Amino acid sequence: NYSFIQTEIDTFLMENMRLKTDEQLLLGDGTGNNLTGVDSIAQAWSVGVGSPIESLAGSVISANIHDVLEAGICQVIQSGQGNRSFYNPTAILVNPVDACKMDLLKDSEGRKLYPDGVTEINGVPVIRTILVPANEAYVGDFTKGTVYTLREMELELADQHGTDFLSDTLRLKATLRKGLLIRNVWANAFLKVADIATAATALTQS
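We now turn to the structure provided with this report. (Residues numbered from 1 in each chain as written. Predicted model: local features only at pLDDT ≥ 70, side-chain atom pairs only at ≥ 80, totals over all residues. Heavy atoms only, no water.)

1. Quick word on the overall build of the protein chain
Helix and strand counts for the protein chain stand at six helices and eight strands. Along the protein chain, helices (α) and strands (β) appear in the sequence α-α-β-α-β-α-β-β-β-β-α-β-β-α when read from the amino end. Relative to the globule expectation of 17 Å for 206 residues, the C-alpha radius of gyration of the protein chain, 22 Å, shows a markedly less compact shape. Dimensions of the protein chain along its principal axes, counting C-alpha atoms only, are 75 × 40 × 25 Å. Out of the 206 residues in the protein chain, the part that is buried amounts to 33%. Sequence separation of 24 or more characterises 72% of the internal contacts of the protein chain that already satisfy a separation of 6 or more. (Helix = DSSP H or I, 4+ residues; strand = E, 2+ residues; numbered from the N terminus. Rg over C-alpha atoms; globule rule 2.2 N^0.38 Å. Buried < 20%, exposed > 50% of the residue type's maximum accessible area, 1.4 Å probe, protein only. Contact = heavy atoms within 4.5 Å.)

Structure below.
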């Protein structure tokens, strides 16, 4: 029975293709059929010597995840000639668990620092996605990347593999071709926090 195939395509296959595309745009390593995603070109969060935010090292009292991400925004801006007209971060991507940790931050008297939850930091929207592993995060000016669609999604049905014709079996294949272009001169518009906990320690005033 094939009458339900269209519904299955709409509710399962097409949605999963979109999710796979998002995964490739963020995490693709550029090998084989993989895209070269943001993760492959993003600069590393750092307050080390030579970093645009070197002066923040050991300067924050009890630094937390919110502080790390705000410092990341500053690093991206400073990497773009120190102004928001060059690199203007448009999104922060975090794992839902880490976003929850920010939502639950409290002051010394047990009051939530962000009673309505953290939806933005310094004007930059916070996006919660399981594509980002826990304890990692991305900050970026996503206007500096362009997604090119080389071929829209194509769906093909076939019953010619092996004994498919005899067993009344159909195989469905979905493909598309996309590319992500981030010019080398704009690579620093994107930043990765590889270890939020370690970054918070580097910020914390001793």
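2. A look at the packing of helix H3 (residues 65-79) against helix H6 (residues 196-203)
Think of two packed helices as two axes; the pair is described by the angle between the axes and how far apart they sit. Two elements in contact, H3 and H6, have axes separated by 9 Å at closest approach and are oriented at 80 degrees. If you check the angle between H3 and H6, you find them roughly perpendicular. Along its contact with H3, which presents Ile65, Asp67, Val68 and Ala71, the element H6 presents Ile196, Ala199, Ala200 and Leu203. The class makeup of the residues in the contact of H3 with H6 is seven nonpolar, no polar and one charged. (Axes fitted to C-alpha atoms, helices over the stretch in contact; angles between N-to-C directions. Parallel < 35°, antiparallel > 145°, perpendicular 65-115°, else oblique. Nonpolar A, V, L, I, M, F, W, Y, C, P; charged D, E, K, R; others polar.)

3. A few points about the pairing of strand S5 (residues 137-140)
Of the two faces of S5, the one holding Ala137 and Val139 and the one holding Tyr138 and Gly140 are both buried throughout. Two elements, strand S2 (residues 91-94) and S5, share four bridges in a ladder whose sense is antiparallel. Bridging across to S5, Ala91 finds its partner in Gly140. Sheet analysis places S5 next to strand S8 (residues 190-193), joined by four bridges and oriented antiparallel. Its bridge partner being in S8, Val139 is matched across the sheet by Leu191. (Pairing = 2+ DSSP bridges.)

4. Side note on helix H4 (residues 96-103)
For H4, the complete set of buried residues consists of Asp98, Ala99, Met102 and Asp103. Mapping the buried residues of H4 onto a view down its axis gives an arc of 150 degrees, with all of them on the same face. At its buried positions, H4 is contacted by H3, S2, strand S3 (120-121), strand S4 (124-128) and H6. Of the residues flanking the start of H4, the one acting as N-cap is Asn95, its side-chain oxygen 2.9 Å from the backbone nitrogen of Val97. (Arc of directions from axis to C-beta. Polar contact = N/O pair within 3.5 Å; in protein donor to acceptor, adjacent residues only side chain to side chain.)

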